[in-house]
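Remarks on the overall topology
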Amino acid sequence: MALQVPVLFGSVRTERRGIKAARFVVNELKKYGCEPALVDAKQYDLPLLDKMYKEYDAGKAPVRLEELAKLYRAADGFAIVTGEYNHGVQPGLKNLLDYFLEEYYWRPSAIISYSGGYFGGARAAVQVREILGELGMPAISSVLPIANVGSAFDDAGEPSDPKFRSRNEDFFNEFVWYMEALRAQRAKGVPY
Ligand SMILES: Cc1cc2nc3c(=O)[nH]c(=O)nc-3n(C[C@H](O)[C@H](O)[C@H](O)COP(=O)(O)O)c2cc1C
């Protein structure tokens, strides 16, 4: 079975640019033999967190959360696409992440950061790494930073720079390696 990879994206702005980066990640993961699923915070339209998924009685959680729980339980890894607002994590992404916890455990994550400027969301990537560690899906070493996100892709997520794809092969190969490794390890059982 192909590696199952939810791709979490958290900008809910009307004029959002990062969705093109998220589409690139989805398209690219397919090329590496994975089965990605875009989890778009705008589409899920979750309110600011009141109750986490696990705080609902069995079968009583909103349908959207049940859908995400099912997707996350089947996941082999999580691709986290983060923009940078005021040198920090986008609130839409943090809110999306905070709804769940145990569903993330024992899987690797990979950080794709972006911004409208030159630094490619590097400062948000540092913060997101800490958060993902706490959520039980530690991030792989490599980060894929995307500068000038507005012009880096067309609307379908195709990179404007023909060399962009080959420059990021190591990132995707590393992510796939960790997903395969932890899938094999999870099959033997998990510590708790
Ligand atoms: C509230 C806000 C804060 C921002 N802060 C930063 C920042 O700290 N560093 C940066 O490089 N770009 C910053 N930007 C520019 C964003 O990188 C750029 O607008 C990007 O397209 C935002 O992602 P989105 O369009 O997917 O929402 C900021 C944008 C917004 C809306």
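What comes next is a walk through the structure. Since the structure is predicted, the reported quantities are computational estimates derived from the model, not experimental observations.

About the cut-offs
- Residues numbered from 1 in each chain as written.
- Predicted model: local features only at pLDDT ≥ 70, side-chain atom pairs only at ≥ 80, totals over all residues.
- Helix = DSSP H or I, 4+ residues; strand = E, 2+ residues; numbered from the N terminus.
- Rg over C-alpha atoms; globule rule 2.2 N^0.38 Å.
- Buried ≥ 20, exposed ≤ 12 C-beta atoms within 10 Å, placed from the backbone.
- Contact = placed C-beta atoms within 7 Å.
- Near = placed C-beta within 6 Å.
- Nonpolar A, V, L, I, M, F, W, Y, C, P; charged D, E, K, R; others polar.
- Expected span 1.5 Å × (residues − 1).
- Arc of directions from axis to C-beta.
- Pairing = 2+ DSSP bridges.
- Right-handed = clockwise from strand over helix to strand, strands pointing away.
- Axes fitted to C-alpha atoms, helices over the stretch in contact; angles between N-to-C directions.
- Core = buried A, V, L, I, M, F, W, Y, C linked by C-beta atoms within 7 Å.

A short note on the overall build of the protein chain
A tally of regular secondary structure across the protein chain gives eight helices and seven strands. Its C-alpha radius of gyration of 16 Å places the protein chain within 12% of the 16 Å reference for a compact globule of 192 residues. The C-alpha extent of the protein chain, read off along each of the three principal axes, is 45 × 35 × 25 Å. The 192 residues of the protein chain split such that 36% are buried. Sequence-distant contacts in the protein chain: of pairs separated by 6 or more residues, those separated by 24 or more amount to 82%.

With respect to the site of the ligand
Taken together, 15 residues sit near the ligand, with Ser11, Gly18, Gly83, Ser115 and Gly116 positioned nearest. Class assignment for the residues of the shell around the ligand results in three nonpolar, eight polar and four charged.

Observations regarding helix α8 (residues 169–187)
Relative to the 27 Å expected for 19 residues at 1.5 Å per residue, α8 spans 27 Å between its end C-alpha atoms, a close match to the ideal helical length. Residues of α8 that are buried: Phe172, Phe175, Val176, Tyr178 and Met179. Across the axial projection of α8, the buried residues extend over an arc of 165°, all falling on one side. Exposed residues on α8 whose side chains face more than 90 degrees from its buried face are Glu169, Asp170, Asn173, Trp177, Ala181, Ala184 and Gln185. Taken together, the buried residues of α8 touch α1 (19–31), β6 (109–114) and β7 (139–146).

Quick notes on the pairing of strand β1 (residues 4–9)
Within β1, six of the six residues are buried, which leaves the element mostly enclosed by the surrounding structure. In β1, alternate side chains face the same way, and those of Gln4, Pro6 and Leu8 on one face and Val5, Val7 and Phe9 on the other are all buried. Bridging between β1 and strand β2 (residues 35–40) involves six bridges; their strand directions are parallel. Note on β2: the bridge partner recorded for Leu8 is Val39. Once you follow β1 into α1 and on to β2, the crossover reads as right-handed.

Notes on the sheet that holds β1
Here five strands make up an open sheet; going across it, the order is β2-β1-β3-β6-β7 and the pairing parallel. Where the open sheet ends on each side, the last strands, each with one partner, are β2 and β7. Taking the axes of each pair of neighbouring strands and ignoring which way they run, one obtains an average angle of 20° across the sheet. Packing of α1 onto the sheet brings it into contact with β1, β2, β3 (78–82), β6 and β7, and relative to β1 it is tilted by some 170°. Against the sheet, helix α5 (residues 122–134) touches β3, β6 and β7, its axis set at about 155° to β6.

Some words on the nonpolar core
Membership of the largest hydrophobic core comes to 45 residues, with the highest contact counts inside it found for Leu8, Ala21, Ala79, Ile80, Val81 and Ile112. Once residues lying within four places of it in the same chain are set aside, the contact partners of Ala79 are Val5, Val7, Val25, Leu29, Ala110 and Ile112.

Observations concerning the environment of Leu96
Mapped onto the secondary structure, Leu96 falls in helix α4 (residues 91–98). Linking Leu96 and Gly10, residues 86 residues apart in sequence, is a C-alpha distance of 7.0 Å. Leu96 has contacts with Leu8, Gly10, Val39, Ala41 and Leu46, leaving out every residue within four places of it along the chain.

Quick notes on the pairing of β3
For β3, a buried count of five out of five residues is recorded, marking the element as mostly surrounded by other parts of the structure. Covered by surrounding structure in β3 are Phe78, Ile80 and Thr82 together with Ala79 and Val81, the residues of both alternating faces. Relative to β3, β1 runs parallel, the two sharing three bridges. Looking across to β3, one finds that Phe9 is bridged to Val81. Sheet topology note: the β3/β6 ladder contains five bridges and is parallel. Bridging across to β6, Thr82 finds its partner in Ser113.

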